[in-house]
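This is what each chain is made of:
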Amino acid sequence: MTAKDHYSKTARKAINRFYEHADTRHLASLQELVSELFLAVAGDEPAKKVDKLWEKASGAIGHLKLDPAVSTAATKAIAARDIKQFAVIATKLTSPSAR
């Protein structure tokens, strides 16, 4: 029994759409992460929590298929812990003209 036989035609279409729209999901999580980072930094959250959010940001950038220049800029913003620059990059990535 192959995987093709295991799922119905409708289920296979849903699974395919899930993977086709992975970048959209990753961009949405990136936007949420920018918000969480801003609130954590502005709200004087413990350093451990902020560090964990920056680690998540690094992972989120890794999941996206980005131009090398954008990836480098994002990595530099994360390394510098520059929330404003990171937010600018995330905004550019999510704008309709960037797609």
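The rules behind these values
- Residues numbered from 1 in each chain as written.
- Predicted model: local features only at pLDDT ≥ 70, side-chain atom pairs only at ≥ 80, totals over all residues.
- Heavy atoms only, no water.
- Patch = residues over 30% accessible without salt bridge, like charges linked within 9 Å, V, L, I, M, F, W, Y side chains within 5 Å.
- Areas by Shrake-Rupley, 256 points an atom, 1.4 Å probe, with all protein chains shown as cover.
- Salt bridge = Lys/Arg side-chain N within 4 Å of Asp/Glu carboxyl O.
- Helix = DSSP H or I, 4+ residues; strand = E, 2+ residues; numbered from the N terminus.
- Buried < 20%, exposed > 50% of the residue type's maximum accessible area, 1.4 Å probe, protein only.

Draft legend 1. Region of interest: a nonpolar patch on the surface. Taken together, Y7, I15, F18 and Y19 make up a surface patch of nonpolar side chains, about 420 Å² in accessible area. By the element assignment, Y7 lies in the loop between α1 (3-6) and α2 (9-20).

Draft legend 2. Layout of unusual backbone geometry. Residues other than glycine seldom take positive phi values, yet D44 does so here, at roughly 55°. You can see D44 is positioned in the loop between α3 (22-42) and α4 (47-63). In this structure D44 comes out as exposed when scored by relative accessible area, which is 70%. Of note in the backbone geometry, R81 takes a positive phi value of approximately 55° without being a glycine. Positionally, R81 belongs in the loop between α5 (68-79) and α6 (83-94). Looking at R81, the relative accessible area reads 40%, which means it is partly exposed.

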